[in-house]
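Structural description and commentary
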Amino acid sequence: MDIILKKYFPWCLEHQERLGELFNGYTTTKEQQRVLDFDDLLLFWNALAENPDGGQMLRQQFQKIMVDEYQDTNILQAQILKNICPDGKGLTAVGDDAQSIYSFRAATVRNILDFPNEYPGTVLIPLEQNYRTTQKILDATNRVIGEAEERHSKELWSSRGDGSLPVLVTCSDEDAQTTYVIDQILDRREKGVSLKQQAVLFRASHHSMSMEAELGRRNVPFVKYGGLRFLETAHVRDLMSFLRLAENPLDSVAGFRVLVLMPGIGHVKAASLLDNLRDGGGHFETWASWTPPSALKDDWPKLIRLLQEMELRAESDAGVATDIHAARLFYSPLLETRYDNVKARQNDLIQLEAIAARYQSRTEFLSEMTLDPPSSTQELPADPFLDEDYLTLSTIHSAKGLEWDSVYVIHAADGNIPSDMATGSPEEIEEERRLFYVAMTRAKNHLSIVRPERYYFHNRRKSDQHSLSKMTRFLPTQIQALFECQSHGQTYGAGFGGAGQSSLIQGDTSEIRKKISKLWG
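Residues numbered from 1 in each chain as written. Predicted model: local features only at pLDDT ≥ 70, side-chain atom pairs only at ≥ 80, totals over all residues. Heavy atoms only, no water.

What follows is about helix α14 (residues 299–313). An α-helical turn contains 3.6 residues, so a residue and the one three or four places further along point in the same direction. Look at α14: 21 Å from first C-alpha to last across 15 residues, which is about the 21 Å you get at 1.5 Å a residue. Listed in full, the buried residues belonging to α14 are Trp300, Leu303, Ile304, Leu306, Leu307, Met310 and Arg313. Buried residues along α14 sit against α11 (234–247), α12 (252–260), α13 (267–279), α15 (320–338) and α17 (362–371). (Helix = DSSP H or I, 4+ residues; strand = E, 2+ residues; numbered from the N terminus. Expected span 1.5 Å × (residues − 1). Buried < 20%, exposed > 50% of the residue type's maximum accessible area, 1.4 Å probe, protein only. Contact = heavy atoms within 4.5 Å.)

All right, on to the packing of aromatic side chains then. Enumeration over the complete set of coordinates arrives at 12 aromatic pairs. With centroids separated by 5.5 Å and ring planes inclined at 35°, the aromatic side chains of Trp287 and Trp300 adopt a geometry described as tilted. A residue pair is termed long-range when its members are at least 10 positions apart, and Trp287 in the loop between α13 and α14 and Trp300 in helix α14 qualify at 13 residues. Every member of this aromatic cluster is reached through a ring pair, and the members are Phe284, Trp287, Trp290 and Trp300. Against the face of Tyr102 rests Arg105, its NZ or CZ located 4.0 Å from the ring centre. (Phe/Tyr/Trp six-rings, centres within 6.5 Å; stacked < 30°, edge-to-face > 60°. Lys NZ or Arg CZ within 6 Å of the ring centre and 35° of its normal.)

This paragraph deals with empty space enclosed by the protein. One pass over the full model with this rule turns up 1 cavity of 30 Å³ or more. Estimates place the volume of the largest cavity at around 40 Å³. Class assignment for the residues of the lining of the largest cavity results in 4 nonpolar, 2 polar and 2 charged. (1 Å grid on protein atoms, 1.4 Å probe; cavity = no way out; pocket = protein on both sides within 12 Å on 5 of 7 lines; lining within 4 Å. Points joined across faces, edges and corners; volume = space filled by probe spheres on them. Nonpolar A, V, L, I, M, F, W, Y, C, P; charged D, E, K, R; others polar.)

Moving on, we get to the pairing of strand β4 (residues 198–202). With respect to burial, β4 is a largely interior element, 5 of its 5 residues being buried. Side chains of β4 alternate between two faces, with Gln198, Val200 and Phe202 and Ala199 and Leu201 buried alike. As paired elements, β4 and strand β7 (residues 404–409) share 4 bridges and run parallel to each other. Looking across to β7, one finds that Leu201 is bridged to Val409. Sheet analysis places β4 next to strand β6 (residues 391–395), joined by 4 bridges and oriented parallel. Within β6, the position partnered with Leu201 by the bridge is Ser394. (Pairing = 2+ DSSP bridges.)

The amide bond that connects Ile417 to the next residue, Pro418, takes the cis arrangement and shows omega of 0°. Within the fold, Pro418 resides in the loop between β7 and α19 (426–440). Here the phi dihedral of Ala106 falls at roughly 80°; this positive angle occurs in a residue that is not glycine. Position of Ala106 relative to the elements: it lies in the loop between β2 (91–93) and α6 (110–113). Of the residues examined, Ala106 reaches a relative accessible area of 47% and is grouped as partly exposed.

This part is about the environment of Lys196. By the secondary structure assignment, Lys196 is in the loop between α9 (174–190) and β4. With relative accessibility at 32%, the residue Lys196 sits in the partly exposed group. For Lys196 and Asp405, which are 209 residues apart along the polypeptide, the C-alpha to C-alpha distance reads 9.0 Å.

We now examine a nonpolar patch on the surface. There is a patch of nonpolar side chains on the surface, built from Leu36, Phe38, Leu41, Leu43, Phe44 and Leu371 and spanning about 620 Å² of accessible area. Per-element tally for the nonpolar patch: the top contributor is helix α3 (residues 38–50), with 4 residues. Its location among the elements puts Leu41 in helix α3. With relative accessibility at 37%, the residue Leu41 sits in the partly exposed group. (Patch = residues over 30% accessible without salt bridge, like charges linked within 9 Å, V, L, I, M, F, W, Y side chains within 5 Å. Areas by Shrake-Rupley, 256 points an atom, 1.4 Å probe, with all protein chains shown as cover. Salt bridge = Lys/Arg side-chain N within 4 Å of Asp/Glu carboxyl O.)

A word on the packing of α11 against α14. One way to put it is that α11 packs onto α14 with a least axis distance of 9 Å and a crossing angle of 60°. As for how α11 packs across α14, the hand of that crossing is right-handed. Contact residues: α11 offers Phe242, Leu243, Leu245 and Ala246, while α14 offers Leu303, Leu306, Leu307, Met310 and Glu311. A breakdown of the residues in the contact of α11 with α14 according to their chemical character gives 8 nonpolar, no polar and 1 charged. (Axes fitted to C-alpha atoms, helices over the stretch in contact; angles between N-to-C directions. Left-handed = near helix turned anticlockwise from the far one by under 90°.)

On to the side chain of Gln99. In this structure, Gln99 sits in the loop between β2 and α6. For Gln99, a relative accessible area of 17% gives the class buried.

Among the structural elements, His411 can be located in the loop between β7 and α19. Engagement of the side chain of His411 in a polar contact is seen with the backbone oxygen of His207, the distance being 3.2 Å. Each residue touching His411, except ones within four places of it in the same chain, is listed here: Glu174, Gln177, His207, Asn416, Ile417, Val450, Pro452 and Tyr455. (Polar contact = N/O pair within 3.5 Å; in protein donor to acceptor, adjacent residues only side chain to side chain.)

Scanning the entire structure with this criterion turns up 29 salt bridges. With a closest N to O distance of 3.2 Å, Asp2 and Lys6 form a salt bridge. Of this pair, Asp2 and Lys6 both sit in helix α1 (residues 2–8), 4 residues apart, which is roughly one turn of that helix.

Let us look at α13. For α13, spanning 13 residues, the distance from its first C-alpha to its last is 18 Å, which sits close to the expected 18 Å at 1.5 Å a residue. Turning to α13, its buried residues number three or more, namely Ala270, Leu273, Leu274 and Leu277. Along α13, the residues classed as buried sweep out an arc of 100° about the axis, all on the same side. Relative to its buried face, α13 has exposed residues pointing more than 90 degrees away, namely Val268 and Asp279. Taken together, the buried residues of α13 touch α11, α12 and α14. Following α13 by one or two positions, Gly281 adopts a phi angle in the positive range, close to 75°. (Arc of directions from axis to C-beta.)

You can see Leu482 is positioned in the loop between α20 (477–480) and β10 (484–488). Sequence spacing of Leu482 and Asp238 is 244 residues, and the spatial spacing of their C-alpha atoms is 51 Å. When near neighbours in sequence (up to four residues on either side) are disregarded, Leu482 contacts Asp139, Ala140, Arg143, Leu165 and Pro166.

This is how it looks when you write it as structure tokens:
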């Protein structure tokens, strides 16, 4: 902890002892409630793998091991692999070091870069044919990643033909950027490229605020990825808590969330009721002895009956969709009193019920939704809007693994790409380079990199105060030569008179100088 606090959280060093107590208490509570968090899933697995008997048992079960997306693994996952397959015999790791972009969740590019050293005798097979992108775009992306300090060397090529040059656009300001991108999107749609085949990518979620407002004004439908994931929304978490509590009555996090939804139950009473439930061995009839307030007189017995019925259904073939349906009917009146956009939230819960129909057990459903949750309702089956066309807005991180015909990467200015919050070390800057590379390689046929030249300062009111941006450091002059360079609006590079004019005013200023000199006698 000392190393972590000094490196990442120096302002917390004075609380190191208390933090130790907090984490010890957290570990004890998890043991009491018989729950595992995400870290535990790996820590327990590694403990089994490094145990002589446990490791031997695991090794006997597998002759071959293949790890996909190896560039996204962390140190602990690499240790698990080493314990299961210490000599590397029968081991295959598939990944792209150029797409290692998840250090914020502990992934490290060192795992894939150091793999040949960790397992001597490794055969390195570069997969260089790209089936997605046209060659001229690949020429630019190859040069961008070619500037990396360290990498497994490869040169992507395509049999799809040269295609069009990627476009590098300098706009006068953010409003001009928004106008340019939306105009291009709509123009492409008129030429047969649907909105679903186009995407706007950005480094941080707030970079799309101006774009979202203008799209709304023009009635252009869009879906945004990179904000709250579907299962992180409050109403979905509420409903899932009913299932988690029925699955494990000792899960105090789920129990607390369910209880504070009830009118008349505050934090203190909820904690007391959970203590009673734990002392009663996790049997929900323990709660029947409590006299609820008048506002809860009718709903309290219904809640107890709901949880008991869900508990019994775990041993039947009724399916988890039945549980969600019952919980949804009970929860709906509570949702209406707590949240806005009730209809949209209700539709989300109906969608969740639809996806649950694919699962036979509640345990399987909860595990799947926790480990691999959908990002939005668009990822759920039975989507009622399959015929609708919509544009995709996405952070670059959320776009990894996806592809579109036309991609627009906005805010390509230093400080945004790379983010000024991720330039504290050479390793961070290298990851930002890889992130930019991921954005560029999402495009199949058309790629536009767009930079606003001016950023205006907006406090309480709009003013003409602004700063000038610099092109992202990942596109130096020699790489810009691989782009078709354009300007939009009144930019300094193109001159205020329009593209092609010099930004310098030519003329004789001697007479003006003479007049100024006379002012001083």
